[in-house]
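Listed below are the residues making up each chain.
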Amino acid sequence: GNSVTQMEGPVTLSEEAFLTINCTYTATGYPSLFWYVQYPGEGLQLLLKATKADDKGSNKGFEATYRKETTSFHLEKGSVQVSDSAVYFCALKYPGGFKTIFGAGTRLFVKA
Amino acid sequence: NAGVTQTPKFRVLKTGQSMTLLCAQDMNHEYMYWYRQDPGMGLRLIHYSVGEGTTAKGEVPDGYNVSRLKKQNFLLGLESAAPSQTSVYFCASSFEMGTRRETQYFGPGTRLLVL
């Protein structure tokens, strides 16, 4: 069946370090892919998304490219800040469907 | 504009007790969802609604009931709580569903502990 696999956390980085959080998926066809972020004590917020192969989603300095050939949607940021400390969820959804499939989440800690 | 709000924030129940979780949205969204979040797992859909007066089962509906009597509210009920229902519950809403433009907006969550 369809699934999303994320790298296990926690990931601990120093401020201004480069961030990569890996996400791979198992799915047929062309689902939309998402990254959500959950800050402490809050609900999930959509960070970015891509709806077709080779699309790049970007927001707040974060980027992810929809790679059909490697079934991946890795999240990257060139220089993280303490305020980026949160849990990041990769997800997929098919157009016309009601269900979003989420990965288990990756917790990021950024130290000053 | 409060977005999506959830009540209560935290609750402790004994096995067999019942409770209702309330979700409210002020964005006039047609679609609403209830998820549960468990350690090491992503969010899983419990029930959803495509409009006032409608409900449908999601991925893990057993042990839960829902109602959508008003467009802005979506209630999740546990008739007889079990320890397996210890979780964090998130409500979400969206203006569209099933389109590539769909964006879900999430509430802050309700942490439930069943003893």
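Residues numbered from 1 in each chain as written. Chains lettered and ligands numbered in written order. Predicted model: local features only at pLDDT ≥ 70, side-chain atom pairs only at ≥ 80, totals over all residues. Heavy atoms only, no water.

**Digging into the interface of chain A and chain B**
Thought 1: Taken together, the contacts link 24 residues of chain A with 23 residues of chain B.
Thought 2: Buried area between chain A and chain B, both sides added, is near 1700 Å², and the carbon and sulfur share of it is 54%.
Thought 3: In terms of surface lost to chain B, no three residues of chain A exceed Leu44, Phe98 and Phe102 of chain A, which account for 30% of the buried area on that side.
Thought 4: The interface formed by chain A and chain B holds 1 salt bridge in total.
Thought 5: Our count for the contact surface shared by chain A and chain B stands at 8 residue pairs in polar contact (both at pLDDT 80 or more). (Contact = heavy atoms within 4.5 Å. Buried area = accessible area lost by both parts, 1.4 Å probe. Salt bridge = Lys/Arg side-chain N within 4 Å of Asp/Glu carboxyl O. Polar contact = N/O pair within 3.5 Å; in protein donor to acceptor, adjacent residues only side chain to side chain.)

**Side note on the nonpolar core**
It is characteristic of soluble globular proteins that their nonpolar side chains tend to be buried jointly.
Residue and element names in this part refer to chain A.
Thought 1: Formed by 28 residues in total, the largest nonpolar core has its most connected members in Trp35, Leu47, Leu48, Phe73, Leu75 and Tyr88.
Thought 2: If you list the elements that add at least two residues to this core, you get strand 2 (11–14), strand 3 (19–21), strand 4 (23–26), strand 5 (32–38), strand 6 (44–50), strand 8 (62–65), strand 10 (86–93) and strand 12 (106–111).
Thought 3: Here the element with the most residues in this core is strand 10; it accounts for 4 residues. (Core = buried A, V, L, I, M, F, W, Y, C linked by side-chain atoms within 4.5 Å. Buried < 20%, exposed > 50% of the residue type's maximum accessible area, 1.4 Å probe, protein only. Helix = DSSP H or I, 4+ residues; strand = E, 2+ residues; numbered from the N terminus.)

**Remarks on unusual backbone geometry**
Thought 1: Cis rather than trans, the peptide bond between glycine 9 of chain A and proline 10 of chain A has omega equal to 0°.
Thought 2: Here proline 10 of chain A is to be found in the loop between strand 1 (3–6) and strand 2.
Thought 3: Cis rather than trans, the peptide bond between threonine 7 of chain B and proline 8 of chain B has omega equal to -5°.
Thought 4: On the secondary structure map, proline 8 of chain B appears in the loop between strand 1 (4–7) and strand 2 (10–13).
Thought 5: Positive phi outside glycine occurs at glutamate 16 of chain A, with the angle close to 80°.

**What to know about the packing of aromatic side chains**
Geometrically, a pair of aromatic rings is defined through the distance of the ring centres and the angle of the planes.
Thought 1: Inspection of the entire model under this criterion finds 11 aromatic pairs over all chains.
Thought 2: Members of the aromatic cluster, joined through ring pairs, are Phe34, Tyr36 and Phe102 of chain A together with Tyr33, Tyr35 and Phe106 of chain B.
Thought 3: Seen from the ring of tyrosine 30 of chain A, lysine 68 of chain A lies directly overhead, with NZ or CZ sitting 4.3 Å from the centre. (Phe/Tyr/Trp six-rings, centres within 6.5 Å; stacked < 30°, edge-to-face > 60°. Lys NZ or Arg CZ within 6 Å of the ring centre and 35° of its normal.)

**A word on the state of the cysteines**
Residues and elements named next belong to chain A.
Thought 1: What the rule picks out here adds up to 2 disulfides over all chains.
Thought 2: At a sulfur-sulfur separation of 1.9 Å, the disulfide partner of cysteine 23 is cysteine 90. Looking along the S-S bond of the cysteine 23-cysteine 90 disulfide, the torsion reads about -70°, which is the left-handed sense. Note that cysteine 23 is positioned in strand 4 and cysteine 90 in strand 10, a separation of 67 residues in sequence. The same class applies to cysteine 23 as to cysteine 90, namely buried. (Disulfide = S-S within 2.5 Å.)

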